[in-house]
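Okay, here's what each chain looks like letter by letter:
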Amino acid sequence: TAALRFSGVSKKFKDGTVALTGADLAVAPGEFVTVVGPSGCGKSTLLRIASGLDKASDGEVAVHSKSVGYVFQDATLLPWRTVRDNVGLLAELEHMDKKERERRVRDAIDLVGLTGFEKHLPMELSGGMRMRVSLARSMVLAPDVFLFDEPFGALDEITRERLNDELLRMFIQSRFAALFITHSVQEAVFLSGRVLVMSGRPGRVKAEVTVPFDYPRA
Ligand code: ADP
Ligand code: ADP
């Protein structure tokens, strides 16, 4: 069964704007799917509905994961909290056992290459490093489903490519189901073998492109 499935999902906002009509998609466990499409076609709306931040007006949404990792374009860190405390935030909110939390925070910080920066504050870090903190924070609860809303869109090209490499490395290690939004076809094809193409207003999934793709082994 799919980790994430949309069947005929539509979204009409209070002001009457219809952002999605009849969107269908499914992401299998351990599958990385990207979504491309022009601004305004409903990509963010799709992700907000998948995450539960927003509700569909019609259709069915099923998510099979006890928690969902959500990574936004803006790293959304708490400025007065250190790297370590930002990464541990969700585990704290879940009242995770302290030892377990500390272990997971250490592992996540290590995975994104920020060991040694635990006590830094977000403002002391570069944009790329802040995004790494945001990635580490989303990994701490080990969700089976990850949603990425143009996470690297605001970064310079080199940092972006480096983070895409690392994201693939994390994916190969953890094998979560991922839905990754971008407006870059190049980025989509770099990250996944299945690219969903959205277009139109209101948006719907218009096409699906499968690219021969072999993930390197862990
Ligand atoms: P994308 O992420 O592809 O750029 P969005 O999902 O952000 O597109 O937006 C899809 C459409 O819905 C756009 O026309 C946008 O202006 C509209 N929209 C998004 N959020 C709201 C809202 N809260 N209220 C009304 N219209 C909205
Ligand atoms: P990336 O995000 O891909 O690591 P950056 O340009 O953000 O690239 O940073 C490159 C490297 O420079 C970082 O990995 C880090 O080692 C170092 N660095 C950047 N900003 C700082 C900082 N404020 N304090 C200490 N080291 C930094």
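As annotated in an unreviewed UniProt entry, the protein carries the name ABC transporter ATP-binding protein and comes from Pseudofrankia asymbiotica.

Asks: Can you lay out the side chain of arginine 137 for me, pointing to particular residues and giving the numbers?
Replies: Topologically, arginine 137 is positioned in helix H5 (residues 127–139). Looking at arginine 137, its side chain comes within polar contact range of the main-chain oxygen of alanine 75, at 3.0 Å. Excluding residues that lie within four positions of it along the chain, arginine 137 makes contacts with Ala75, Thr76, Leu77, Asn86, Val87 and Leu90.

Asks: Break down the site of ligand 1 for me, with residues and values.
Replies: Taken together, 13 residues sit near ligand 1, with Gly40, Gly42, Lys43, Ser44 and Thr45 positioned nearest. Contact distances for ligand 1 include 2.7 Å between an oxygen atom and a backbone N or O atom of glycine 40. Here an oxygen atom of ligand 1 and a backbone polar atom of glycine 42 are 3.1 Å apart. For ligand 1, the protein covers 63% of the area, taking 560 Å² as the surface of the free molecule. Here the shell around ligand 1 takes three residues from helix H1 (residues 43–51), the largest share from any one element.

Asks: Give a detailed account of the site of ligand 2, specifying residues and quantitative values.
Replies: Looking at ligand 2, the residues that line it are Phe117, Glu124, Ser126, Gly128, Met129, Arg132, Thr159 and Arg162. Note that an oxygen atom of ligand 2 is positioned 2.2 Å from one of the side-chain N or O atoms of serine 126. Here an oxygen atom of ligand 2 and a side-chain polar atom of arginine 132 are 2.9 Å apart. Within the complex, 53% of the 530 Å² of free accessible area of ligand 2 lies under protein. Contributing elements (two or more residues each) for the shell around ligand 2: H5 and helix H6 (157–174). The element contributing the most residues to the shell around ligand 2 is H5, with three residues. Among the residues forming the shell around ligand 2, the class breakdown is two nonpolar, three polar and three charged.

Asks: So what's going on with the sheet that holds strand E1 (residues 4–12)? Which residues, and what values?
Replies: Hydrogen bonding along the main chain pairs the strands of a sheet, whether they run parallel or antiparallel. Pairing is antiparallel across the open sheet formed by three strands, whose spatial order is E2-E1-E4. A single partner strand is all that each edge strand has here, and the edge strands are strand E2 (18–27) and strand E4 (58–63). Ignoring strand direction, the axes of neighbouring strands in this sheet form an average angle of 20 degrees. Note that E1 and E2 share six bridges and pair antiparallel. Bridging across to E2, lysine 11 finds its partner in leucine 20. Each of E1, E2 and E4 touches H1; the most contacted strand, E1, lies at about 120 degrees to it.

Asks: If you had to explain a negative patch on the surface to someone new, which residues and values would you point to?
Replies: Judged by side-chain charge, Asp156, Glu157, Glu161 and Asp165 come together as a negatively charged surface patch. You can see glutamate 161 is positioned in helix H6.

Asks: For the side chain of glutamate 166, give the residues involved together with the corresponding values.
Replies: Among the structural elements, glutamate 166 can be located in helix H6. Not counting chain neighbours up to four residues away, the residues in contact with glutamate 166 comprise Val112 and Arg132.

Asks: Go over the layout of surface pockets, please, and point to the residues and values.
Replies: The computed volume of the largest pocket comes to approximately 310 Å³. Every element with two or more residues in the lining of the largest pocket is listed here: helix H4 (98–111) and H6. The element best represented in the lining of the largest pocket is H4, accounting for five residues. Considered class by class, the residues forming the lining of the largest pocket number nine nonpolar, two polar and five charged.

Rules used in this analysis
Residues numbered from 1 in each chain as written. Chains lettered and ligands numbered in written order. Predicted model: local features only at pLDDT ≥ 70, side-chain atom pairs only at ≥ 80, totals over all residues. Heavy atoms only, no water. Helix = DSSP H or I, 4+ residues; strand = E, 2+ residues; numbered from the N terminus. Polar contact = N/O pair within 3.5 Å; in protein donor to acceptor, adjacent residues only side chain to side chain. Contact = heavy atoms within 4.5 Å. Near = heavy atom within 4 Å. Areas by Shrake-Rupley, 256 points an atom, 1.4 Å probe, with all protein chains shown as cover. Nonpolar A, V, L, I, M, F, W, Y, C, P; charged D, E, K, R; others polar. Pairing = 2+ DSSP bridges. Axes fitted to C-alpha atoms, helices over the stretch in contact; angles between N-to-C directions. Patch = residues over 30% accessible without salt bridge, like charges linked within 9 Å, V, L, I, M, F, W, Y side chains within 5 Å. Salt bridge = Lys/Arg side-chain N within 4 Å of Asp/Glu carboxyl O. Lys, Arg positive; Asp, Glu negative; His and termini not counted. Charge placed at Lys NZ, Arg CZ, Asp CG, Glu CD. 1 Å grid on protein atoms, 1.4 Å probe; cavity = no way out; pocket = protein on both sides within 12 Å on 5 of 7 lines; lining within 4 Å. Points joined across faces, edges and corners; volume = space filled by probe spheres on them.

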